[in-house]
Amino acid sequence: MNPQANLIFIISLLLGTTITISSNHWIMAWTGLEINTLAILPLISKSHHPRAIEAATKYFLTQAAASALVLFSSMTNAWYTGQWDITQLTHPTSSLILTSAIAMKLGLVPFHFWFPEVLQGSPLTTGLLLSTMMKLPPITLLYMTSSSLNPTLLTTLAILSTALGGWMGLNQTQIRKILAFSSISHLGWMAIIIIYNPKLTLINFYLYAMMTATIFLTLNTIKVLKLSTLMTAWTKIPSLNAMLLLTLLSLAGLPPLTGFLPKWLIIQELTKQDMAPAATLISLLSLLSLFFYLRLAYCTTITLPPHTTNHMKQWRTNKPTNITISILTTMSVMLLPISPMILTIV
């Protein structure tokens, strides 16, 4: 793709995200969401592969439907209450429609079907944007309307998302699809706590975005898309592969790594809110996704390919690892000891 065009699309993405997260009026928030959708479409379909075109079409249709629902929800609220302010979403029907729209935008169960397919059809860098930056505006809208959302509905969506995200990722061999189901599972953790402690959702999102960015950038560096090629990629940059192992375990939420912090805080908050059964259930369901993270980690560093396969060993590259990846991997693994400081900042 033309670098100037690429720059325009990236700037449009930043603009759309900024407009949505800084707006008070529903129409401005909707405008930002639309700019975002239109800016990411060329980045998804830039390879001109039929699967990329299909991914862009699926993404456009679901996001257009979700944006229409956001507009419908805000208009219904304005009709009944006379308020266009995002924080004044008080009508129950409006909040129900908005929850459905945001669930569709984020890829929460039962509106999750588009996300793995779109991620599979996109390049790794675009997949990184879809998994992290494109989730920020909808989560911000949930954050601003959290006081008027339906707790039962969100808890149900969250538990279903964690269950299906873990369950459907078990049988995948394509790494992008595994990361898509991982994203759905993490969104479940964010959705269950947003009503009781919205700040925890933001902490969870920031840490999830950081760890996912690390994994996508690492995979992009070693040029790996499937589990079978991941097994032979350890010879390229062994140190980076070792850090990828730790980042995957961090994303799974194992102590003493960074990813344990949001899970620990969310379980603690749910217990305080007398939701111990929900906390137990969501913790048990996260064991499903732990299995496929362990599978990825196993393929990354612990297996050597059997001698009977036709896989060639990769040449070790001497090019230095990107400084961004170095910083992100370190943060993805070592932030747990400074968690009190993170909590005071947020």
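Bear in mind the structure is a predicted one, so any value in this text is a computation, not a measurement.

Chemist: How would you explain the side chain of Ser-250 if you had to name every residue and give the values?
Modeler: Mapped onto the secondary structure, Ser-250 falls in helix α12 (residues 238-252). Among the residues examined, Ser-250 registers a relative accessible area of 0% and is labelled buried. The residues contacting Ser-250, other than those within four sequence positions of it, are Met-211, Leu-257, Thr-258, Gly-259, Phe-260 and Ser-332.

Chemist: Kindly report on the environment of Ile-53, identifying the contributing residues and their values.
Modeler: Relative to the helices and strands, Ile-53 is located in helix α3 (residues 50-81). A relative accessible area of 39% places Ile-53 in the partly exposed class. The contacts of Ile-53, once residues within four sequence positions are left out, are Ser-45 and His-48.

Chemist: Please give an account of a nonpolar patch on the surface that cites residues and values.
Modeler: Judged by side-chain polarity, Tyr-206, Ile-338, Met-341, Ile-345 and Val-346 come together as a nonpolar surface patch covering roughly 470 Å² of accessible area. One can find Ile-345 in helix α16 (residues 339-345).

Chemist: Please set out the UniProt feature "domain: NADH:quinone oxidoreductase/Mrp antiporter transmembrane" (unreviewed entry) in the chain residue by residue, giving values where relevant.
Modeler: In the numbering used here, UniProt assigns the feature "domain: NADH:quinone oxidoreductase/Mrp antiporter transmembrane" (unreviewed entry) to residues 23-288. A helix fraction of 76% and a strand fraction of 0% characterise residues 23-288, whose end C-alpha atoms lie 38 Å from each other.

Chemist: Which residues make up the packing of aromatic side chains, and what values do they have?
Modeler: Summed over all chains, the structure comprises five aromatic pairs. With a centroid separation of 5.8 Å and 10° between ring planes, the pair formed by Phe-260 and Trp-264 is classed as stacked. Taken together, the residues span about one helical turn, with Phe-260 and Trp-264 both in helix α13 (residues 260-272) at a distance of four residues. Assessed through its relative accessible area of 41%, Trp-264 is described here as partly exposed. Through successive ring pairs, a cluster of aromatic residues spans Tyr-59, Trp-114 and Phe-115. The ring centre of Phe-115 lies 3.7 Å from the NZ or CZ of Lys-135, which sits over that ring.

Chemist: Could you give an account of the domain arrangement of the chain, with specific residues and numbers?
Modeler: Split into domains, the chain comes out as domain 1 (1-132) and domain 2 (150-345). Centre-to-centre, using C-alpha coordinates, domain 1 lies 23 Å away from domain 2. In this assembly, 22 residues from domain 1 lie in contact with 29 residues from domain 2. Here domain 1 meets domain 2 over a buried area of about 2,200 Å², counting both sides, of which 76% is carbon and sulfur. Residues Lys-177 and Glu-117 are paired through a salt bridge, measuring 3.4 Å at the closest nitrogen-oxygen approach. At the junction of domain 1 with domain 2, the criterion picks out five residue pairs in polar contact (both at pLDDT 80 or more). Contributions of two or more residues to the side of domain 1 that touches domain 2 are made by α4 (92-106), α5 (114-121) and α6 (124-131). Here the residues of the side of domain 1 that touches domain 2 sort into 12 nonpolar, nine polar and one charged.

Chemist: Go over the layout of surface pockets, please, and point to the residues and values.
Modeler: In this structure, the largest pocket encloses a volume near 190 Å³. What lines the largest pocket is simply Asn-6, Ile-10, Leu-43, Lys-46, Thr-125, Thr-126, Leu-128, Leu-129, Thr-132, Met-133, Leu-136 and Phe-205. For the lining of the largest pocket, the secondary-structure elements that each account for two or more residues are α1 (3-22) and α6. Sorting elements by how many residues they give to the lining of the largest pocket places α6 first, with four residues. Its residues assigned to classes, the lining of the largest pocket shows seven nonpolar, four polar and one charged. Looking at the second largest pocket, its volume works out to about 150 Å³. Around the second largest pocket, the lining residues are Trp-189, Ala-252, Gly-253, Leu-254, Phe-260, Lys-263, Trp-264, Ile-267, Ser-283, Ser-286, Leu-287 and Leu-290. Looking at the lining of the second largest pocket, the elements that each hand over two or more residues are α13 and α14 (276-302). Of the residues in the lining of the second largest pocket, the class split is eight nonpolar, three polar and one charged.

Here is what the cut-offs are and how they apply
- Residues numbered from 1 in each chain as written.
- Predicted model: local features only at pLDDT ≥ 70, side-chain atom pairs only at ≥ 80, totals over all residues.
- Heavy atoms only, no water.
- Helix = DSSP H or I, 4+ residues; strand = E, 2+ residues; numbered from the N terminus.
- Buried < 20%, exposed > 50% of the residue type's maximum accessible area, 1.4 Å probe, protein only.
- Contact = heavy atoms within 4.5 Å.
- Patch = residues over 30% accessible without salt bridge, like charges linked within 9 Å, V, L, I, M, F, W, Y side chains within 5 Å.
- Areas by Shrake-Rupley, 256 points an atom, 1.4 Å probe, with all protein chains shown as cover.
- Salt bridge = Lys/Arg side-chain N within 4 Å of Asp/Glu carboxyl O.
- UniProt positions renumbered as here; feature names shortened; annotations may be inferred.
- Phe/Tyr/Trp six-rings, centres within 6.5 Å; stacked < 30°, edge-to-face > 60°.
- Lys NZ or Arg CZ within 6 Å of the ring centre and 35° of its normal.
- Domains from an automatic or database assignment.
- Buried area = accessible area lost by both parts, 1.4 Å probe.
- Polar contact = N/O pair within 3.5 Å; in protein donor to acceptor, adjacent residues only side chain to side chain.
- Nonpolar A, V, L, I, M, F, W, Y, C, P; charged D, E, K, R; others polar.
- 1 Å grid on protein atoms, 1.4 Å probe; cavity = no way out; pocket = protein on both sides within 12 Å on 5 of 7 lines; lining within 4 Å.
- Points joined across faces, edges and corners; volume = space filled by probe spheres on them.

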